[in-house]
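Notes for the structure review
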Amino acid sequence: VFGTEKRGIDIPNISPEFETNVPGIYIAGELGGMGLIRKAAEQGRQAIEAIRKRSDGSRELDVLIVGCGPAGLSAGLSAIHHKLRYRIIEQEDSLGGAVYHYPRNKITMTAPVQLALVGKVKFGEVSKEKLLEFWTGVVQSTGLKVSFRERLTGIERSGDGFLVQTDRGSYSA
């Protein structure tokens, strides 16, 4: 639990590789209790490292990434780097995750972060708008594909993988 006894939030139990108690489901970033941009991006990269070792190519996708905040963006770039078949779904009309919902001109702080295909990114203090502008440029320059306004509606076990339902269709991952 993060927070206080009276005002705490439960966070999922995850392994050092960010795998949940449901084998094959990984959580990185804000949902796992890590809202720091650099840490979230690093978790996304590390989760893909673990997933790529398990992928056997028997599914439509090697990985389906839910959300395109810092963790999802980093996971997607790592998926491209490792030549994994991936899909990123983002329920909003823009990338950024929680950062997208920050107030206008909010200053965010991040330590340098290593992104696959991009290299080391050094910001320190940066406004929400500048950070989102940078991430949009990364998406464009790397060819990262994000399916905006697509919402996760369900996940079912299917053999050793999953059938993932969204409001637009189903994916085997």
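The notes below deal with the structure included here. This one's a predicted model, so the numbers in the text were calculated from it and none came from an experiment.

Rules used in this analysis
- Residues numbered from 1 in each chain as written.
- Predicted model: local features only at pLDDT ≥ 70, side-chain atom pairs only at ≥ 80, totals over all residues.
- Heavy atoms only, no water.
- Pairing = 2+ DSSP bridges.
- Helix = DSSP H or I, 4+ residues; strand = E, 2+ residues; numbered from the N terminus.
- Axes fitted to C-alpha atoms, helices over the stretch in contact; angles between N-to-C directions.
- Buried < 20%, exposed > 50% of the residue type's maximum accessible area, 1.4 Å probe, protein only.
- Contact = heavy atoms within 4.5 Å.
- Left-handed = near helix turned anticlockwise from the far one by under 90°.
- Nonpolar A, V, L, I, M, F, W, Y, C, P; charged D, E, K, R; others polar.
- Parallel < 35°, antiparallel > 145°, perpendicular 65-115°, else oblique.

Side note on the sheet that holds strand E11 (residues 161-166)
Spatially, three strands are ordered E10-E11-E12 in an open sheet, and the strand pairing comes out antiparallel. What marks the edges here is a single partner per strand, and that holds for strand E10 (152-158) and strand E12 (169-172). Neighbour-to-neighbour, the strand axes of this sheet turn through a mean angle of 20 degrees, independent of strand direction. Across four bridges, the pairing between E11 and E12 is antiparallel. Within the sheet, the bridge partner assigned to Thr-166 lies in E12 and is Gly-169.

A word on the environment of Leu-64
Looking at the element boundaries, Leu-64 is found in strand E3 (residues 63-66). Its relative accessible area of 15% is what places Leu-64 among the buried residues. Counting along the chain gives 15 residues from Leu-64 to Ala-79, while the straight-line C-alpha distance between them is 10.0 Å. Once residues within four sequence positions are removed from consideration, Leu-64 is found in contact with Arg-87, Ile-89, Val-164, Tyr-171 and Ala-173.

As for the packing of helix H1 (residues 37-54) against helix H2 (residues 70-81)
The interhelical angle for the contact between H1 and H2, taken along N-to-C directions, is 35 degrees, at an axis separation of 7 Å. Our pair here, H1 against H2, has a crossing hand that is right-handed. Taking contact as the criterion, the partners of Ile-37, Ala-40, Ala-41, Gly-44, Arg-45 and Ile-48 in H1 are, on H2, Pro-70, Ala-71, Ser-74, Ala-75, Ser-78 and Ala-79. Its residues assigned to classes, the contact of H1 with H2 shows eight nonpolar, three polar and one charged.

So, unusual backbone geometry
The phi angle at Asn-105 is positive, at roughly 60 degrees, despite the residue not being glycine. Despite not being glycine, Arg-149 shows a phi value in the positive range, around 55 degrees.

A closer look at the packing of H2 against helix H3 (residues 128-142)
The contact between H2 and H3 brings their axes to 12 Å, and the two run at 15 degrees. Taken together, the axes of H2 and H3 are roughly parallel relative to one another. Handedness of the H2/H3 crossing: left-handed. Counted together, Pro-70, Leu-73, Leu-77 and Ile-80 of H2 and Trp-135, Val-138, Val-139 and Thr-142 of H3 form the full contact between these two elements. Here the residues of the contact of H2 with H3 sort into seven nonpolar, one polar and no charged.

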